[in-house]
Amino acid sequence: MKRIAVLTSGGDCSGMNAAIRGVVRSALSAGIEVVGIQKGYHGLIDRHYEIMSTRSVSNTLQRGGTFLQSARCKEMMEEPGQRLAAENLKGLGVEGLVVIGGDGSLRGAMALHNQGIRVIGIPASIDNDLPFTDMSLGVDTALNNIGYAVDCLKDTASSHDRAFIVEVMGRRCGYLTLVAAIACGAEHALIPEVEYDMDRICENLRKRYREGRDNSIILVAEGVGSAQSISDQIKDRIGFESRIMVLGHYQRGGSPTTFDRLLGSRFGQGAMDALKKGETGKMIGLSGAKLTLTDMQKVLDSGQRPIDKNMIKLARSLEV
Ligand code: F6P
């Protein structure tokens, strides 16, 4: 193998730069050239790329987002766009591609595999909704961001006897909300995977008020509904004044945690190794402490990663 390419696609997340760097450094040290594709599949279709050197990835490890930039690309969902992307890669003499992104990005990667391109996918999305990996890249940093925000909100909430309803990202997946609620000591976590009883929640909040507690935190996953809609349902029923906070894209940015830097570096190097061994159409993942490779089609056919029942049990025993 003489030349490979790397791109980041879909929603950005912290740790993507570490993964790019892992790919580039391990390829260059094996004497393989790397083409960095800009703006995800858009750059592949419109031919925006650069040959990368070790200098291209220096000083990137600590930066959030992706320095190659990312995009959601509609053309890549249709056959003509997929064919053009594959032709451009072949024209560039690229013999392998690493795609760093979430579910939609892996669908594009699978389409390229079916067009005869050797491809390995790296799971990267704060949602942690991809199966066959314990963690996707960016999740740990997002959890830390949420933790910091909730700690700040608790300070102001306690000063005013208020409840805060905090809207957390995650698309249809409640992982971020549930784990953040456990780690932040929130009173309630509303996630799409588990039914909730609004009367019971309001009763518990009223009880806290009667007991003289000075704050309450309710995390709501965007897949359940907006913080505003939950606030409308509870505001006249809980005794506390309430405010809402939509964490939004703040969750996706910021300097990656050590965990995400390490995971990105391991995923990047692991993807490069897999390409060298002739693997294709696979997604790299983390199982315990080990890296794994799973058929990308199997990943895509399996649907959303289910919520860990032990995590729900833990939340319940901690009275979240
Ligand atoms: O998939 C990552 C994610 O941040 C989701 O949690 C969220 O619903 C979505 O992307 C937001 O997408 P966009 O960046 O296109 O607004």
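Criteria and cut-off values
Position labels on residues start from 1 in each chain and follow its written sequence. Totals for whole chains, interfaces and linings use every residue, but because this is a predicted model, local features are given only for residues with pLDDT of at least 70 and side-chain atom pairs only at 80 or more, for both listing and counting. Calculation of side-chain values draws on the structure's entire complement of heavy atoms; hydrogens and water are dropped beforehand. For each structure, a 1 Å grid was placed over the protein atoms alone; sets of points admitting a 1.4 Å probe that cannot get out are labelled cavities, open sets with protein on both sides within 12 Å along at least five of seven lines are labelled pockets, and lining residues have an atom within 4 Å of a point. Grid points are joined across faces, edges and corners, and a volume is the space filled by probe spheres set on the points. Helix and strand definitions follow DSSP, with helices as H or I runs of at least four residues and strands as E runs of at least two, each counted in order from the N terminus. Polar here means any residue other than Ala, Val, Leu, Ile, Met, Phe, Trp, Tyr, Cys and Pro, which are nonpolar, and Asp, Glu, Lys and Arg, which are charged; Gly is therefore polar. The domain limits used here are those given by an automatic or database domain assignment. The criterion is simple. A nonpolar core is a set of buried Ala, Val, Leu, Ile, Met, Phe, Trp, Tyr and Cys residues joined through side-chain atoms within 4.5 Å. Think of it in three bands: residues with accessible area under 20% of the maximum for their type are buried, residues over 50% are exposed, and the middle band is partly exposed, with areas taken using a 1.4 Å probe on protein chains only. We call two residues in contact when some of their heavy atoms are within 4.5 Å. A pair of strands counts as paired when DSSP detects no fewer than two bridges linking them. Comment: axis = line fitted to C-alpha atoms, over the contacting stretch for helices; angle = value between 0 and 180 degrees taken between N-to-C directions. Whether a residue is near a molecule or strand depends on its heavy atoms: if one lies within 4 Å, it is near. Any pair of nitrogen or oxygen atoms within 3.5 Å is treated as a polar contact; in protein, a donor-acceptor pairing is required on top of that, and neighbouring residues in sequence qualify only through side-chain atoms on both sides. To qualify as sitting in a cavity or pocket, a molecule needs more than half of its atoms within 2 Å of the grid points.

Topic: the layout of surface pockets
Estimates place the volume of the largest pocket at around 790 Å³. Around the largest pocket, the lining is made up of 37 residues, and of these Arg-72, Gly-102, Asp-103, Gly-104 and Arg-171 lie nearest the centre. The set of elements that each furnish at least two residues to the lining of the largest pocket consists of helix H4 (103-114) and helix H10 (296-301). Considering each element in turn, the lining of the largest pocket owes the most residues, 5 residues, to H4. Taken together, the residues that form the lining of the largest pocket break down as 12 nonpolar, 14 polar and 11 charged. Taken domain by domain, the lining of the largest pocket gets at least three of its residues from each of domain 1 (3-138 + 256-301) and domain 2 (142-253).

Concerning the nonpolar core
Of all hydrophobic cores here, the largest spans 60 residues; its most connected members are Val-6, Ile-100, Ile-122 and Leu-219. Looking at which domains feed residues into this core, each of domain 1 (3-138 + 256-301) and domain 2 (142-253) supplies at least three. Setting aside residues no more than four positions away along its own chain, Val-6 makes contact with Ile-20, Val-23, Val-34, Val-35, Gly-36, Ile-37, Met-52, Leu-68, Leu-97, Val-98 and Ile-100. Leu-7, Leu-44, Ala-86 and Leu-106 belong to the second largest nonpolar core, which has 27 residues in total.

Observations regarding the sheet that holds strand S11 (residues 290-295)
One open sheet holds the 7 strands; their spatial order is S3-S2-S1-S4-S5-S10-S11, and the pairing between them is mixed. The open sheet has two edge strands with one neighbour each: strand S3 (49-52) and S11. Neighbouring strand axes in the sheet, compared pairwise and without regard to direction, differ in orientation by 25° on average. For strand S5 (residues 119-123) and strand S10 (residues 282-287), the ladder comprises 2 bridges, and the chain directions are parallel.

What about the site of the ligand?
Around the ligand, the neighbouring residues are Arg-72, Ser-125, Asp-127, Met-169, Gly-170, Arg-171, Glu-222, His-249 and Arg-252. Separating an oxygen atom of the ligand from a side-chain N or O atom of Glu-222 is a distance of 2.6 Å. One can see that the ligand is located within the largest pocket. Residues of the shell around the ligand, tallied by class, amount to 1 nonpolar, 3 polar and 5 charged.

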